Every structure is written in C-alpha cells, then in structure tokens.
Amino acid sequence: MFSNSLTRIILLALGVIASWILFYIDSFAGFAPDWQWQRNYQPERPAVVMNEQRLSSFQQGVLLTGISDAINTRITHIESDQRKLIYHYENTVQIDVLADVGPPLLNLQFSPDTSMIRLIMEAKVGSGTTRNRSYDENATIPVSQLIIEENGKLRVSARFLGYVVEQQCNAQGYCLVVFGTHSYRKDAVFYSADGGRHWRWLSQWHDPDGDQIYQLLGLSGAQSVLMVQQGKLYRSDDLGQHWQQVFDLPKLLTERGIDPALYTASWHYNGGDRVIISHQPHNTGEDEPLTSSLLLDFNLKSARVRSSQWVPGDIVAVDISTQGDFDFILRQQPRRIYSLNRLLDNGTLQPLLETGKKALGGLYVGNNLLMMEKELNDPLHMTLSTGGGQHWFRMKKLPDGYDYRVQFDRWHNRLFRFPAHDYDYPKLGNSDGLVYETTTPP
C-alpha cells in the first residue's frame, strides 16, 4: 500500500516536473545561448561619444553614421529654486573638425572658408576660454561621423556639421547621405561610389515636388535614385538633377474608391525591380483594431502594379532580405494571431512561421537569416532561422535599448552594439576613438 502511494507520488512529481520543463522551454528563453559580443580592436585613442547611430549594409562592407557633440559640456550647478541647470561650456572642441590630419569635413566642399566655419563654432559657445550660462540646446554643435569598415575595423572617413536625415546604400556600395543643418537653407546631399571612402557634394540635387517631406527609398543603380514624396514615387537617373514620376498612389486609391487620407502608406524597395507598399487604415485604438491591410507590389520595369491584395490584420514589422525577399509579421484581428509571411513575386503569400497568440516583433532579415523578437512571458527573446524558415532556434534577448543601441548588418549577418549613454563609454576607443562590439548568430 505504501509502495503504491509512493509510486503515485513519484509519478505525479515527475509529471509536474516534465510539464514545467516543457512549459519553460516553450515559453521562455531560459536555456537559450547568449550572444557572444567581441571587441576586435585595441583601445588607443580617447573615446568619441556618439548617438543616433544608423547602419547601411552592402556586399563589401557597411556605412555607419552617428552624431557627436563638438563641445564638451558638464553640469556645474543646479539651481533648485529656479529649476534650472547651469552647464559649463568649453571653447575648445572635443573633435577638431578642422584638423589637417583628420577626416575631411564635407561642409568645406560647398563653403571652403575654414575661418568662417571656426567663427560659427566660436559664436555658438561665446568668446573666451570658458564661461557658465544657462543650458541652451542651440549651443551644441552636432558633428555627423561617417564611418566605414577597412580590414575588419571601423574608421571615420568624413565628417559633417549637421544631422543625418536620410542614408541609403545599394548592394554594390553606391551610397547617398542627406544632411540637415540650420546653417544652410536646403538639405545637403553627398554621394559615394565606393562604399563611403570618398564623398562628393551633389550641388544639382533638388526635391521633385518642392520643399515637402520626402523619403529616400534607395538607389536602383550607380546614378539612379528612388524617392517618395506626397504619396508619389519618383526616379532620377542623374543623382537628383531631374526627376520622373513613375507611380501615383493617391490616384490609384481614389480610382478604387479608397480615401487616401484614411490610410498610412509604408514604402519598401527590395533592391531590384520591386517596390512594395503596405497600406493600413489609421489605428483608432484598441476598441477598433485594424481588420485588414492593403499590399501593393509595383514593378519598376513595367511601371505597373503586379499584385494587389488585402491581408487580414495589421502589419507589425517589415524587412527586406539580401535576395530581395519581402518578409512581414502579420497580426490578425480580432484574436491577435501572429505569423511571419513572405510576399512572392507572383503575388502569393508564403507563410514562414505561425505562432498563434505568441506575439512577434522586431523583424531582422539578412543573408539566409530570419530573426524576430518573441514577446510571451520572456519579452524580447529572439527566435532565429538560418534555413529559410524551415528550422528555428532560440537566442537570449538582445541588449536593452536603454543600455545599448544595436544595429543589424544584413549582408554579413552581424550585430553592432554601441553604449547608449556618455557614462557607459570607456576612456579609450579604437584608433579613431570609436567604441563598439560585434556578434553573429551561432
């Protein structure tokens, strides 16, 4: 009798343990391997703090951009009664953008007067060596760092006094960077034919539809640029001097009885002949979830819409592979069913992964690599496939965005991470003062 009771208790305990293990493996990333971050350089120079990093990937390397501050600032006093911070500004720049031995300053290509640029910088911080004053955001001088990779290490190829607005590189390494600056009336656009090693100013560049917000969609050739402005797709075959309208989305929607003002369009270029537009109704909140989204596949060669279809639910995330595949995460309503899908050339949808109510997000698509955030019980753990979606495995979640900024290099299936805060930076970086680490999926 005692033996039978003990056997039942043991079997019950084993069942509970087995169920717990299966639940743990299915719903958590507890047994998943962690990312192995590596620093492939020797610390040499004082670290250069950067933020707002962006990465463009191509076959032979990467183009990274980041914003640094040319003025050292530090809090010297807090006036609690006035609720005001007093900052200390140094009239010597942290980065000498006019140094003869440093990377070229692109501003000098259209304003070659170095003395004028130095006067502008000095005017920002006032005369003299140091002084205290109330914090003024306009007193900072943003320096855009243009960074490339040579011999497996990152280095600064050029700088610009202003912010990066847009950047794009195609697979062959033809790159465009659009800078915004308060010092000049229009955006400044620079072009590189060698992956960012050398840059030239596109003085002929202008917007196709006036001073309206635009999206730089990509480069379809050495001199060909695709741009979206006011819902219309334009192409330039002479790097922005002349533009040709190739597709009018508002007109097409109106002809189909769809009010363009009620929808939000997201444009995606696959690097070849396809421009895919995901068109979703404006989300009015949780009480009225999105029920369907419109997918349009526009062919650049034929200048026609090859496929058009409504998909059930809203599109959570989109990415393009190095082969030009258009992959997206769909959340079907009202039950919130998540799936990863691929839009094929013939317009059909190929399901790659269905997870039910296990939320997906943060899609990364690379060179025969699929990677997503999975957000059930263990938020932000990663689900990966290196076999075209046939087999999946887990990895630990990526570093928290509060601590690190992570960028994905799709052509080489690498992740770059940068410290997110000034106080997290070490004293020394590489030979250019850059601080970063890399990792690849196992």
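Scroll up to find the structure this text is about.
In short, a report on the structure. (Residues numbered from 1 in each chain as written. Predicted model: local features only at pLDDT ≥ 70, side-chain atom pairs only at ≥ 80, totals over all residues. Heavy atoms only, no water.)

Counting secondary structure elements, the protein chain contains three helices and 32 strands. Approximately 22800 Å² of the protein chain is accessible, and the part contributed by carbon and sulfur atoms is 49%. (Helix = DSSP H or I, 4+ residues; strand = E, 2+ residues; numbered from the N terminus. Areas by Shrake-Rupley, 256 points an atom, 1.4 Å probe, with all protein chains shown as cover.)

This part is about a negative patch on the surface. The grouping of Asp-400, Asp-403, Asp-422 and Asp-424 at the surface amounts to a negative patch. Structurally, the position occupied by Asp-403 is in the loop between β28 (393–395) and β29 (404–409). When its relative accessible area of 35% is taken as the criterion, Asp-403 is described as partly exposed. (Patch = residues over 30% accessible without salt bridge, like charges linked within 9 Å, V, L, I, M, F, W, Y side chains within 5 Å. Salt bridge = Lys/Arg side-chain N within 4 Å of Asp/Glu carboxyl O. Lys, Arg positive; Asp, Glu negative; His and termini not counted. Charge placed at Lys NZ, Arg CZ, Asp CG, Glu CD. Buried < 20%, exposed > 50% of the residue type's maximum accessible area, 1.4 Å probe, protein only.)

Here the focus is the pairing of strand β17 (residues 263–269). The sheet contact formed by β17 and strand β18 (residues 274–281) spans seven bridges and is antiparallel. Residue Ser-266 lies in a different strand from β18, and its bridge partner there is Ser-278. Taking the residues between adjacent antiparallel strands as the criterion, β17 and β18 are bridged by four residues, where Gly-271 takes a positive phi near 85°. (Pairing = 2+ DSSP bridges.)

One open sheet holds the four strands; their spatial order is β2-β3-β7-β8, and the pairing between them is antiparallel. Looking at which strands have only one partner, the edges of the open sheet turn out to be β2 (51–58) and β8 (153–161). Across the sheet, the axes of successive neighbouring strands diverge by a mean angle of 25°, strand direction being ignored. Pairing of β2 with strand β3 (residues 61–69) involves six bridges; the strand directions are antiparallel. Within β3, the position partnered with Leu-55 by the bridge is Leu-64. (Axes fitted to C-alpha atoms, helices over the stretch in contact; angles between N-to-C directions.)

Under the criterion given, the structure shown has one disulfide. The disulfide partner of Cys-169 is Cys-175, and the gap between their sulfur atoms is 2.1 Å. Judged by the sign of its S-S torsion, about 115°, the cystine formed by Cys-169 and Cys-175 is right-handed. Overall, Cys-175 belongs to the buried group, its relative accessible area being 0%. (Disulfide = S-S within 2.5 Å.)

Phi at Leu-239 takes a positive value of approximately 55°, unusual for a residue other than glycine. Within the secondary structure, Leu-239 is located in the loop between β15 (232–236) and β16 (244–248). A residue is classified by how much of its surface remains accessible, and Leu-239, at 0% relative accessible area, is buried.

Summed over all chains, the structure comprises 13 salt bridges. Where Asp-409 meets Arg-414, a salt bridge forms, and the shortest distance between an N and an O atom there is 2.8 Å. Through salt bridges with shared partners, a single ionic network connects Glu-149, Asp-409 and Arg-414.

On to the nonpolar core, then. Among the nonpolar cores identified, the biggest contains 19 residues, and Leu-217, Leu-233, Phe-247, Trp-267 and Val-275 are the most heavily contacted of them. Listed by contribution, the elements that provide at least two residues to this core are β14 (225–229), β16, α3 (249–255), β17, β18 and β19 (292–299). When near neighbours in sequence (up to four residues on either side) are disregarded, Leu-233 contacts Leu-217, Leu-226, Met-227, Val-228, Gln-244, Gln-245, Val-246, Phe-247, Trp-267, Val-275, Phe-298 and Leu-300. Listed in part, the 16 residues of the second largest apolar core include Leu-106, Leu-146, Ala-188 and Phe-190. (Core = buried A, V, L, I, M, F, W, Y, C linked by side-chain atoms within 4.5 Å. Contact = heavy atoms within 4.5 Å.)

A few words now on the environment of Phe-110. Following the sequence through the fold, Phe-110 ends up in the loop between β5 (84–93) and α2 (114–125). Using a relative accessible area of 18% as the deciding quantity, one classes Phe-110 as buried. A C-alpha to C-alpha distance of 9.3 Å links Phe-110 and Ala-188, two positions 78 residues apart in sequence.

Summed over all chains, the structure comprises 14 aromatic pairs. Centroid distance Tyr-364 to Phe-408: 5.6 Å. Interplanar angle 80°. Geometry classified as edge-to-face. Linking Tyr-364 in strand β25 (residues 360–365) with Phe-408 in strand β29, this pair joins segments that are 44 residues apart in sequence. For the pair shown, Tyr-364 and Phe-408 are each scored as buried. An aromatic cluster is present here, built from Phe-110, Phe-160, Phe-179, Phe-190 and Trp-201 joined pairwise through their rings. Looking at Arg-39, its charged tip hangs above the ring of Tyr-41, at a distance of 5.6 Å from the centre. Geometry around Tyr-404 places Arg-417 over its ring, the cationic atom sitting 4.1 Å from the centre. (Phe/Tyr/Trp six-rings, centres within 6.5 Å; stacked < 30°, edge-to-face > 60°. Lys NZ or Arg CZ within 6 Å of the ring centre and 35° of its normal.)

Right, let's talk about the side chain of Ser-144 for a bit. Mapped onto the fold, Ser-144 is located in strand β7 (residues 142–150). Side-chain polar atoms of Ser-144 contact the backbone oxygen of Gly-162, separated by 2.5 Å. Aside from chain neighbours lying at most four places away, what touches Ser-144 is Gly-66, Ile-67, Ala-158, Arg-159, Phe-160, Gly-162, Tyr-163, Val-164 and Phe-179. (Polar contact = N/O pair within 3.5 Å; in protein donor to acceptor, adjacent residues only side chain to side chain.)

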